[in-house]
Amino acid sequence: MKNVDSINHVTGKSVYLDDIPVQKGTLHAVVFGSPVGHGKIKSVDYAEAKKLPGIAAIITHEDITGDNQIGGIIEDEPLFAEEELHFYGQPIALIVAKDAFTARKAKTLIKVDVEEYDVVTDPREAFKRGDLLFPSRSFQMGIVEEAWKTCEYIFEGRADIGGQEHLYIETQGSYAYPTDNGSIKIHSSTQGPTAVQKTAARVLGLPMHRIEVDVARLGGAFGGKEDQASGFATMVALAAYVMKKPVKITLDRPDDMQMTGKRHPYSADYKIGLSKDLKIVAYQTTLYQNGGAASDLSPAIMERTLFHSTNSYYVPNTFVTVHSCKTNLPPNTAFRGFGAPQGVFTIESAIAQAADELNIPAYKIQEINFIRDGQEFQYGQIAENVNNKATYDQAIKQYDFDQIQKETTDFNKKHVDKKRGVSIMPVCFGISFTKTPMNQARSLVHIYQDGSVGISTGAIEMGQGVNTKIIQVAAGILSISTDKIKVESTNTTRVANTSPTAASTGADLNGHATRLACEVLINRLRHSAVESLKCNDEEVEIKDEYVYLNGEKTKVHWNELVEAAFLKRVCLTENGHYATPKINFDKTKEKGHPFAYHVYGTAITQVIVDCVRGTYEFDKVQIVHDFGKSMNPTIDFGQVEGALVQGMGWMTMEELAFHPNGKLASESLSTYKVPDIYAVPKSVDIEALETEGAELAILKSKAVGEPPFLYGIGAFFAIRNAVKSFNSSHKPTFRAPYTHEKTLMDLYATSLAKGAVKKS
Ligand code: LUZ
Ligand code: MOS
């Protein structure tokens, strides 16, 4: 089935937040943010700004009718700064005016007097100062201290990993207006309507039932709107509430890039121990997470870093620690992969270093350490139906890895000024929110009298095609054509207490809830038909929009079946509730069974580096991905392609640069480079691993949003391998992104760079 939105998207008809027709008298808002990275407000003078014609109000913390608090997991983030400023661009006030232009102009007239403090943007520096956002956590299995003694080889090193701007096409935005009885309705570009509702209720000092949040669709999110849409939505909700006027905000790109958090940069120390036959015996790592100025989702992201810190491998002895360091950057937040990519990059760096030192290719270590059925992940879950090795074997065979290697060697012998590099990137990603209670969803299904169907779920459509998948689920169970079904906007008054659409779980959780509701409805309709036909229960079936009696098609069409049931006063509405079975996690022991299942895959990446310029081009990425039994290959293959390219961007060209005062220097697309048509691989092959599919996945079709992001990490190691074949005396460090500039430096580096690997 085609994505239901595709025609409307390409013809510009899909309605995004900024397309919603506004009410008469709607005001427009702009955020006034901190002019320093760290400091204390001595005074703010709004007088000149307020005099500007067209200014309606300037809303500050003093206008807040509830709590000045938007921290979700940990309460450490004010909506508006009161005295202390912790990052450049931190919201101080909301300027509300007749139009955004006027509001922006007023922003330049605000005078603020600040006492400046030291700005810290490096997580290790913050750690040294003792600035942690919340307590550190460790996972462990076996005893590393004992295990080192048995290792033949031990290597230690360091990995540094950059952040990433989400760059959703639609920036953050929200539109709020008063409704009956002093209630507030909010349209928000959010992945988490309940998070918006809860945050706004708290700040406005209202019960949640007085806040209604509605979301039609998002122009991309990638995690950036899991938590951080809430602040902007709450600002306009507060303004609408106190001013009793409709108020709208749409961030302009530089404001969005400056004010919102990103993927967390990490810096890590690692130690890896191998046996003589290259089994990974022990692995220890300490990761410094750059959390930014407030906790936001960092505790949950820390957790996923821990979970995925051994990637696809079985390591019998581990000790993994993450420190979440408080720095003067915008609070870093969810981003596709959610801490896993940084953990995975670190162990892949450790493996690459070990391979360098042993003078073997990394895949020799990778291929013999894949976790197998019955082995234990370091968090206690026993591996079942593991497909790591299966995707690896299929990739090696199908894409003829021997030939690829031969061609690479030949090419590198022939060319002085160009070198090819190849890498293999295995992926293993756990599906489920790591916080077990979040794995629940509801779906409200109405069958209307005319036989058409309307479905409301907690899922947010953000371009990933979740609405299409929900329609497929319902159409299959109700046995009707997909054009009879419409998925409604996501609205907190229809579906309450939703988890954000995140963790790749949107289609699974909301699909299962829809399945459950539809199963009840179809049974009710069947019973109604049994009654009308005065036959036995097993004799009636509903197929292809018709009632079948003892396998024979009757004349009763779906529409008549529905109408008849309605006239008999049968309930044509059902609310399905789904909670993922089997999962649990005990935080006191850091052990459990947190994931419903895992997604696996292997990517082979080939690059050619121009050794004169340090530039590179990716020839080919070839992937074998475990989709389970994909319910929609068009959507799922698209997700793999998009995630791959997003991951490659993160690993190669997307580089965040901050001024010493914490101001983002790369705050536009002229300075922050993302993959374009010239940077993407010349070809991408994706093959599905043939499997039965995962029992807990919706229609056995595995979640697909995040796991393929990790394939992008292969780009780093492919470049690194090419660099090594040009400059064999140099062991390039593990500092992502591998920009053209860094590549050039490495090509001509003469000795071990500072902070480089050492062998113990
Ligand atoms: N969000 C969240 C996520 O709250 N919990 C998770 O485990 C998660 N995983 C991936 C992406 N977003
Ligand atoms: Mo996410 S990183 O699944 O919001």
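Residues numbered from 1 in each chain as written. Chains lettered and ligands numbered in written order. Predicted model: local features only at pLDDT ≥ 70, side-chain atom pairs only at ≥ 80, totals over all residues.

An unreviewed UniProt entry annotates the chain as Xanthine dehydrogenase molybdenum-binding subunit of Salinivirga cyanobacteriivorans. Of the comments in the UniProt record for the chain, the one headed Sequence similarities (unreviewed entry) reads "Belongs to the xanthine dehydrogenase family." (UniProt positions renumbered as here; feature names shortened; annotations may be inferred.)

Turning our eyes to something else, we now look at the overall build of the chain. Looking only at helices and strands, the chain has 19 helices and 31 strands in total. Here the C-alpha atoms of the chain give a radius of gyration of 27 Å, agreeing with the 27 Å that 2.2 N^0.38 yields for 760 residues. In terms of overall dimensions, the chain has C-alpha extents of about 80 × 75 × 50 Å along its principal axes. The burial tally for the chain puts 56% of its 760 residues in the buried class. Sequence separation of at least 24 residues holds for 80% of the intrachain contacts in the chain that already meet a minimum separation of 6. (Helix = DSSP H or I, 4+ residues; strand = E, 2+ residues; numbered from the N terminus. Rg over C-alpha atoms; globule rule 2.2 N^0.38 Å. Buried ≥ 20, exposed ≤ 12 C-beta atoms within 10 Å, placed from the backbone. Contact = placed C-beta atoms within 7 Å.)

The subject of this paragraph is the domain arrangement of the chain. Assigned domains of the chain: these are domain 1 (23-117 + 166-259), domain 2 (266-434 + 589-759) and domain 3 (440-579). A straight line from the C-alpha centre of domain 1 to that of domain 3 covers 39 Å. Each side of the interface is counted separately: domain 1 has 17 residues, and domain 3 has 14 residues. When contributions to the side of domain 1 that touches domain 3 are tallied by element, the ones reaching two or more residues are α6 (193-204) and β11 (211-215). Split into classes, the residues belonging to the side of domain 1 that touches domain 3 amount to seven nonpolar, six polar and four charged. (Domains from an automatic or database assignment. Nonpolar A, V, L, I, M, F, W, Y, C, P; charged D, E, K, R; others polar.)

Here the focus is the confidence of the model for the chain. When pLDDT is averaged along the chain, the result is 97, and 99% of the positions lie at 70 or above. Counting contacts from residues 753-760, a segment whose pLDDT is below 50, to residues more than four positions away or on other chains yields 14 contacts. Taken over the whole predicted complex, pTM reads 0.97, whereas the ipTM for its chain interfaces reads 0.95. (pLDDT = per-residue confidence, 0-100.)

Turning to the sheet that holds strand β21 (residues 540-543), a few remarks are in order. Strand order in the open sheet formed by three strands is β21-β22-β23, with antiparallel pairing between adjacent strands. Both edges of this open sheet fall to β21 and β23 (552-557), since each of them pairs with a single strand only. Strand-to-strand, the axes of this sheet are offset by a mean angle of 35 degrees, without reference to chain direction. The strands touched by helix α15 (residues 506-533) within the sheet are β21, β22 (546-549) and β23, with β21 carrying the most contacts at an inclination of about 130 degrees. The sheet strands contacting helix α16 (residues 558-567) are β22 and β23, and the helix crosses β23 at an angle near 60 degrees. (Pairing = 2+ DSSP bridges. Axes fitted to C-alpha atoms, helices over the stretch in contact; angles between N-to-C directions.)

Our focus in this paragraph is the site of ligand 1. Around ligand 1 sit Glu226, Leu297, Ala300, Arg304, Ala334, Phe338, Phe433, Thr434, Lys435, Ala502, Ala503 and Glu706, and those are all the residues in its vicinity. Grouping the constituent residues of the shell around ligand 1 by class yields seven nonpolar, one polar and four charged. (Near = placed C-beta within 6 Å.)

Strand pairing in a sheet relies on backbone hydrogen bonds, with the paired strands running either antiparallel or parallel. Across the sheet, which stays open at both edges, the four strands sit in the order β16-β27-β28-β29 with mixed pairing between neighbours. Only two strands of the sheet have a single neighbouring strand rather than two, namely β16 (418-431) and β29 (683-688). Neighbour to neighbour, the strand axes of the sheet diverge by 15 degrees on average, direction disregarded. As paired strands, strand β28 (residues 616-625) and β29 are joined by six bridges and run parallel to one another. When the bridges of β29 are listed, Val621 appears paired with Val684. Lying over the sheet, helix α17 (residues 633-652) contacts β28 and β29, oriented at roughly 135 degrees with respect to β29. Across the sheet, helix α18 (residues 713-726) is in contact with β16, β27 (597-610) and β28; its angle to β16 comes to roughly 155 degrees.

Burial of strand β9 (residues 173-178) is extensive: five of the six residues sit out of reach of the surface. As defined by bridge partners, β9 adjoins strand β12 (residues 247-250) across four bridges and the pair is classed as antiparallel. Across the sheet, residue Ser174 finds its bridge partner in β12, namely Ile249. For β9 and strand β10 (residues 184-188), the ladder comprises five bridges, and the chain directions are antiparallel. Looking at β10, one finds that Tyr177 is bridged to Lys185. Hairpin remark: β9 followed by β10, antiparallel, with five residues in the connecting loop; positive phi at Asn181, about 55 degrees.

Right, let's get into the packing of α18 against helix α19 (residues 740-747). The packing of two helices is summarised by the inter-axis angle and the distance between the axes. Two numbers describe how α18 lies on α19: the axes approach to 9 Å, and their chain directions differ by 30 degrees. Between α18 and α19, the interaxial angle falls into the category roughly parallel. Where α18 crosses over α19, the handedness of that crossing is right-handed. Between α18, through Ile719, Val723 and Phe726, and α19, the contact on the second element is made entirely by Thr743, Asp746 and Leu747. The residue inventory of the contact of α18 with α19, partitioned by class, reads four nonpolar, one polar and one charged. (Parallel < 35°, antiparallel > 145°, perpendicular 65-115°, else oblique. Left-handed = near helix turned anticlockwise from the far one by under 90°.)

Let us look at helix α9 (residues 298-307). Because an α-helix packs 3.6 residues into every turn, residues spaced three or four apart end up facing the same way. With respect to burial, α9 is a largely interior element, ten of its ten residues being buried. For α9, every residue scored as buried is listed here: Ser298, Pro299, Ala300, Ile301, Met302, Glu303, Arg304, Thr305, Leu306 and Phe307.

Our next topic: the UniProt feature "domain: Aldehyde oxidase/xanthine dehydrogenase a/b hammerhead" (unreviewed entry) in the chain. Here the UniProt-annotated "domain: Aldehyde oxidase/xanthine dehydrogenase a/b hammerhead" (unreviewed entry) positions come out as residues 11-118. Taken as a whole, residues 11-118 contains 12% helix and 31% strand, while its terminal C-alpha atoms sit 50 Å from one another.

Before going further, it helps to spend a moment on the environment of Gln289. With respect to the helices and strands, the residue Gln289 is situated in strand β14 (residues 280-292). Those residues in contact with Gln289 that lie beyond four places of it in its chain are Pro123, His264, Tyr266, Ser298, Met302, Thr305, Val322, His323, Ser324 and Cys325.

Where helix α14 (residues 466-478) contacts α15, the axes come no closer than 9 Å and their chain directions differ by 25 degrees. Here α15 runs roughly parallel to α14, going by the angle between their axes. Handedness of the α14/α15 crossing: right-handed. Contact with α14, carried on its side by Val466, Lys469, Ile470, Val473, Ala474, Ile477 and Leu478, involves Gly506, Ala507, Asn510, Gly511, Thr514, Arg515, Cys518, Glu519, Leu521 and Ile522 of α15 and no other residues of that element. When its residues are assigned to classes, the contact of α14 with α15 shows ten nonpolar, four polar and three charged.

This paragraph deals with the nonpolar core. Counting 218 residues, the largest nonpolar core has Ala29, Ile95, Val96, Val236 and Ala237 as the members making the most contacts within it. Sort the elements by how many residues they give to this core and helix α7 (residues 229-243) lands first, with ten residues. Residues in contact with Val236, not counting those within four places in the same chain, are Ala29, Ser174, Tyr175, Ala176, Val247, Lys248 and Ile249. (Core = buried A, V, L, I, M, F, W, Y, C linked by C-beta atoms within 7 Å.)

In terms of residue burial, β14 counts as a mostly covered element, since twelve of its 13 residues are buried. Here strand β13 (residues 266-274) runs beside β14; their pairing, made up of nine bridges, is antiparallel. Bridge assignment links Asp269 to a residue of β14, and that residue is Thr286. In this structure, β14 lies alongside strand β15 (residues 317-326), joined through ten bridges in parallel fashion. Residue pairing in the sheet places Ala282 in a bridge with Asn317 of β15. Crossover β14 to β15 through α9 is right-handed. (Right-handed = clockwise from strand over helix to strand, strands pointing away.)

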